Amino acid sequence: MNIHTQPAYRQSVDDVLKNYQTKKSGLSTAEVAKRIEANGYNELVTIKAEPLWRRYLRQFQDWMIILLLVSAVISGYLGDVRTTVVLIALVLFNTIIGFAQEFRAEKTMQALEKLVQARAEVYRSGKLEEIESRCLVLGDIVRLSEGESVPADVRLFQTMAFATNDFALTGESDPTRKYIHVIRADVPVANRHNIAYAGTTTATGEALGVVIAIGMDTELGRIASLSQSAPIEPSPLQLELRHIARYVTYGVTVLSLVLLIVAIAIHLPFKDALLFAVGFASSLIPQGLPAEVNTSLAQAAGKMSRAKALVKKLSAVETLGATHVICTDKTGTLTKNEMTVQQVSIGGVAYQISGLGYEPTGQLQTKGKTLSKTEIDGLSGFFRTGLMANNARLLAPDQQQSQWRVLGDPTEGALLTLAKKAGLNLEAEAQANEEVRELPFDSARKRMSSIRRHAGELTVYVKGAPEAIIECSTHIVLHGKIVPLTAALRVTLMAQHVGLAEQAMRNLLFATRHIDEALAKKGEIDDIEVGLTIQGMVSMIDPLRDAVPAAIKAAEAAHIKINIVTGDFAPTARAIARQAGLGNGRDKIIVITGEELQVMADDEVQRHALRGSIIFSRVNPEDKMRIVSLIKKAGKVVAVTGDGINDAPALKHANIGVAMGLTGTDVAKQASELVLLDDSFATLVAAIRQGRTIYANIKKGVLSCFTSNAAEMVVNFCSLILVATFGLPLAINVLQILAVDLLAELFPIAALGRDKEEGELMQARPRNQKDHILQKVSIIDILWSGGLIGILAIANYLFFFGRHDGVINPQTIAIATTLTYTTIVICQLLNIMQRRSVHGLFTRYQFSNKTFWFAMLGSIGVVLAISYVPAISTFFKSGPLALIDWLYIALAAIIFVAVREANLRLTRNRKSPLVAVPSLGAQFI
């Protein structure tokens, strides 16, 4: 291909087609395969990936890791090799885990993003096909439609009111109008108006063009090669945990210095005092929490993707759980987006259409009588209008698909099915009625027109919303005659429209007009779409999705308010809302039209939106964004669903933008944080459920972790008092303190991330996103729960020496410290178990997570090994526990559980805020 003689924007269309060895009907399949082999796929590649070794070293930039390393160096300098080994192991463990989870999260997100492949419409051997954008090759002929991303650099040769959003490439905020004429001079990218560039999006209209650059050879690829890919931003929850860890470390450092001073003051040898302070500081740093959060969020994102909800940002997982209000679209989200024409009104006569879906089999009837072929042929002009004003393709079953399906808009697909039921040959009609010009649909006009030439005559075929067609029509066909469209007829038409809409019917009016050549080719839209003659009305239904009523019931039980925000007609939306059970039969469904919304004050709109069970109908993009902004202004988390380019502002502005994966435009998907791969509202509610679950599990882990830290703090303080008062040795050594966090509790806490939803989870109110995990109530709970464990551990330590007549020697010290350690661990394991459920320890929920029980067995194995395996017990300076020691441990565990369970029930009965403490809080579960 001679493609480098001069830039494509300076070449004529014929020259571009010649140089790229293609034609307007497209390339053949064989030629496409050759070009993919020669030039590769249409995708960007990473130019400068950060080396893995550098990514790993970045883990050491964490100042808490540095603190552990300093502690290890001090321990080594003082000759405590064992503590140094454990601290180094702790550093390596956390850095490796942090690196692995960061790497895994990145790979997980890359894999998830591949689930929603960008698509492109391309002509291959004269037929329009939809393919993955990565499979485009040089010379492909592509069709660009409103709301879609431009998949490659494209030299345009046919445009229809076509403009693109080039701000991502040129910084230009307004849409750029595109043309097809040759540009004679060298101009910058922003002025090459006959090129549509990869990475931009279609703002209006449609266009055809030839692919002139793919992948890294596009203008977008050139820019990508000059920059690094943006790093994944930490989620708000991860930032909060880092904030917690930072302040905890400050506190631990201060406490360690205090302990060091106290230890020296009571004449503990300086080396022992310093080692004790270092071990104390090291053990209380919650190093594993960021890794646990990252793992939990990545696992949740993977689980959601398997459930047809693609999370584009990990932060969206946690935000979903805090959703207060859902503003959902109707078509495709609540309904199946499988339109079926059930009735048509032609010339004042109503006809019923049988058959479901897109399969073109069915009968036309009126008053119970089936129409003959002759009668149907007499109505062919009406059916032809829906066929001509149409961009969709009706596809028959094949080896890949067992059912009839539509390539394009479902509404237009239903009209194609209707035309085939009426006996029209779609291909023959398209050839016999050459399209001269198309006036694409837009949300402002609410209609679409196609100018066709047949037998030397030019006809405008128009379809659109009834009110939009009525306003630009002057005549109507009644009983075979064209009559003026009087005011009375306008009222009758709208009444018919409203009556059918209240039965959940979507109605379109068909209209036509004959025009001359000059107007057809150069006339403005407003001059063409006037003086129309209405041919009749088509009424179709988009049935409610089966799972929607149950999903709405579950969402409302979770105190989530649901509003329907749609561009559809109010009665249609109300009928669907009633079928879906919106308001659960308790709240009256209120309908607010776009016109009413315009004159409403902000506080009134906000009050309605927060109430829920509101239908905002016939709204424009600005209205939708206003509703979302007012909900956010009230401090509520709002999720918004949408599929069109007009939905993008609201999706971007919402806390959670939710795009449709099947029918959504690329613009909508790019503006969203969540993509529903099946377009189902039920999937959104399931994603919210998963968001609540993962936040609850993370919070359980955080509170459990800090409880053991509080216990260790109490033991250490009490131990120093006993050293100063009675001359007893320290109740627990440094290695045993580290073993609590590093070995005993780590895996059960990590396994909490796999806990399933508890029954009350979707009955609680949404959490306040401003609430922190560590609040006054939870901190008090951590301190008294940890304090109770610490006191029980110290009590067992004292009882041990009491039972041994105060004999102090290396053997009794080893067993006594092991008893302290084991008491802390067993009580902590019970604490973790109890925090798993709002009902405490004794509930069937405890058996819902097999992984957790394997982790618990592993922890028990660690405890036994530290006590009874000689090599391990020697390393940890531990000793074998006797049966009587285990009885004391069991007694401590029983006391701990009894106190915790009593507090749980007491605070619940009193409706105290502390009811939230035992397992995250009722408001979160």
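Quick caveat: nothing in here was measured; it's all calculated off a predicted structure.

Conventions and cut-offs
Residues numbered from 1 in each chain as written. Predicted model: local features only at pLDDT ≥ 70, side-chain atom pairs only at ≥ 80, totals over all residues. Heavy atoms only, no water. Buried < 20%, exposed > 50% of the residue type's maximum accessible area, 1.4 Å probe, protein only. Helix = DSSP H or I, 4+ residues; strand = E, 2+ residues; numbered from the N terminus. Pairing = 2+ DSSP bridges. Polar contact = N/O pair within 3.5 Å; in protein donor to acceptor, adjacent residues only side chain to side chain. Contact = heavy atoms within 4.5 Å. Patch = residues over 30% accessible without salt bridge, like charges linked within 9 Å, V, L, I, M, F, W, Y side chains within 5 Å. Areas by Shrake-Rupley, 256 points an atom, 1.4 Å probe, with all protein chains shown as cover. Salt bridge = Lys/Arg side-chain N within 4 Å of Asp/Glu carboxyl O. Lys, Arg positive; Asp, Glu negative; His and termini not counted. Charge placed at Lys NZ, Arg CZ, Asp CG, Glu CD. Phe/Tyr/Trp six-rings, centres within 6.5 Å; stacked < 30°, edge-to-face > 60°. Lys NZ or Arg CZ within 6 Å of the ring centre and 35° of its normal. Axes fitted to C-alpha atoms, helices over the stretch in contact; angles between N-to-C directions. Parallel < 35°, antiparallel > 145°, perpendicular 65-115°, else oblique. Nonpolar A, V, L, I, M, F, W, Y, C, P; charged D, E, K, R; others polar. Left-handed = near helix turned anticlockwise from the far one by under 90°. Expected span 1.5 Å × (residues − 1). Core = buried A, V, L, I, M, F, W, Y, C linked by side-chain atoms within 4.5 Å.

### Brief notes about the pairing of strand β22 (residues 532-541)
Now for step 1: Of all 10 residues making up β22, 10 are buried, and the element is well covered by its neighbours.
Now for step 2: Relative to β22, strand β10 (residues 340-346) runs antiparallel, the two being bridged by six bridges. Directly across from Gln 343, in β22, lies its bridge partner Ser 539.
Now for step 3: Pairing geometry for strand β19 (residues 473-478) and β22, over three bridges, is parallel. Paired with Ser 473 across the two strands is Leu 532, which belongs to β22.

### Some words on the side chain of Asn 733
Now for step 1: Structurally, the position occupied by Asn 733 is in the loop between α27 (681-726) and α28 (734-744).
Now for step 2: A polar atom in the side chain of Asn 733 sits 3.1 Å from the backbone nitrogen of Leu 735.
Now for step 3: Engagement of the side chain of Asn 733 in a polar contact is seen with the backbone oxygen of Phe 876, the distance being 3.2 Å.
Now for step 4: Ignoring any residue separated from it by four or fewer positions in sequence, one finds Asn 733 in contact with Thr 817, Phe 876 and Lys 877.

### A closer look at a positive patch on the surface
Now for step 1: Positive charge collects at one region of the surface, where Lys 303, Arg 306, Arg 754, Lys 756 and Lys 850 lie side by side.
Now for step 2: With respect to the element layout, Lys 303 can be found in helix α10 (residues 288-306).

### A short note on the packing of aromatic side chains
Aromatic rings in a pair are described by how distant their centres are and how their planes are angled relative to each other.
Now for step 1: Applying the stated rule across the entire model yields eight aromatic pairs.
Now for step 2: A ring pair is formed by Phe 800 and Phe 801, whose centres lie 5.6 Å apart and whose planes are at 80°; its orientation type is edge-to-face. In this structure, Phe 800 and Phe 801 share a single accessibility class: buried.
Now for step 3: Measuring from ring centre to ring centre gives 5.2 Å for Phe 875 and Phe 876, while their planes differ by 75°; the resulting arrangement is edge-to-face.
Now for step 4: A relative accessible area of 9% places Phe 876 in the buried class.
Now for step 5: In textbook terms, an aromatic cluster arises when at least three aromatic residues are bridged by ring pairs, as seen for Phe 382, Phe 383 and Phe 510.
Now for step 6: Residue placement shows Arg 767 over the ring face of Tyr 695; its charged tip is 3.7 Å from the ring centre.
Now for step 7: Between the NZ or CZ atom of Arg 836 and the centre of the ring of Phe 852, over which it lies, the distance is 4.3 Å.

### Some words on the packing of helix α23 (residues 602-611) against helix α24 (residues 621-633)
Between two packed helices, the angle of one axis relative to the other and the distance separating the axes together describe the packing.
Now for step 1: Where α23 contacts α24, the axes come no closer than 9 Å and their chain directions differ by 80°. In terms of orientation, α23 and α24 fall into the roughly perpendicular class. Across the interface between the two elements, Asp 602, Val 605, Gln 606, Ala 609 and Leu 610 of α23 pack against Arg 626, Ile 627, Leu 630, Ile 631 and Lys 633 of α24.
Now for step 2: Here the residues of the contact of α23 with α24 sort into six nonpolar, one polar and three charged.

### A look at the pairing of strand β20 (residues 481-484)
Now for step 1: With four bridges joining them, β19 and β20 adopt antiparallel strand pairing. Among the inter-strand pairings, Val 477 is bridged to a residue of β20, identified as Ile 482.
Now for step 2: The turn joining β19 and β20, which pair antiparallel and follow one another in sequence, is formed by two residues; a positive phi near 55° is taken by His 479.

### A word on the packing of α28 against helix α31 (residues 810-835)
Now for step 1: Axis separation between α28 and α31 bottoms out at 10 Å; the angle between their running directions is 35°. When you trace α28 past α31, the crossing you get is right-handed. From α28, Gln 736, Ala 739, Val 740 and Ala 744 reach across to α31, where they touch Ala 814, Thr 817, Thr 818, Tyr 821, Ile 824, Val 825 and Leu 829.
Now for step 2: Looking at the contact of α28 with α31, its residues break down into eight nonpolar, three polar and no charged.

### Some words on helix α30 (residues 776-803)
Every α-helix winds through 3.6 residues per turn, so residues three or four apart in the chain are directed the same way.
Now for step 1: Here α30 contains 28 residues, and its C-alpha end-to-end distance of 40 Å stays within 8% of the 40 Å for a straight helix at 1.5 Å per residue.
Now for step 2: Looking one or two residues past α30, Asp 805 carries a phi angle of roughly 55°, positive in sign.

### Here's the deal with the pattern of salt bridges
Now for step 1: Here the structure, examined in full by the defined rule, presents 25 salt bridges.
Now for step 2: Note that Glu 429 is salt-bridged to Arg 384, the shortest N-O span being 2.8 Å. With Glu 429 in helix α15 (residues 426-432) and Arg 384 in helix α13 (residues 380-388), the pair connects residues that are 45 residues apart, well separated along the chain.

### Observations regarding the nonpolar core
Now for step 1: Leu 674, Phe 681 and Leu 684 are the most contacted members of the largest nonpolar core, which has 77 residues in total.
Now for step 2: With 12 residues, α27 is the largest single contributor of residues to this core.
Now for step 3: Sequence-distant contacts of Leu 684, defined by excluding residues within four places in its chain, comprise Leu 320, Ile 326, Thr 641, Val 658, Leu 674 and Leu 676.
Now for step 4: In this structure, Leu 284, Val 723, Val 740 and Ala 892 belong to the second largest nonpolar core, which totals 76 residues.

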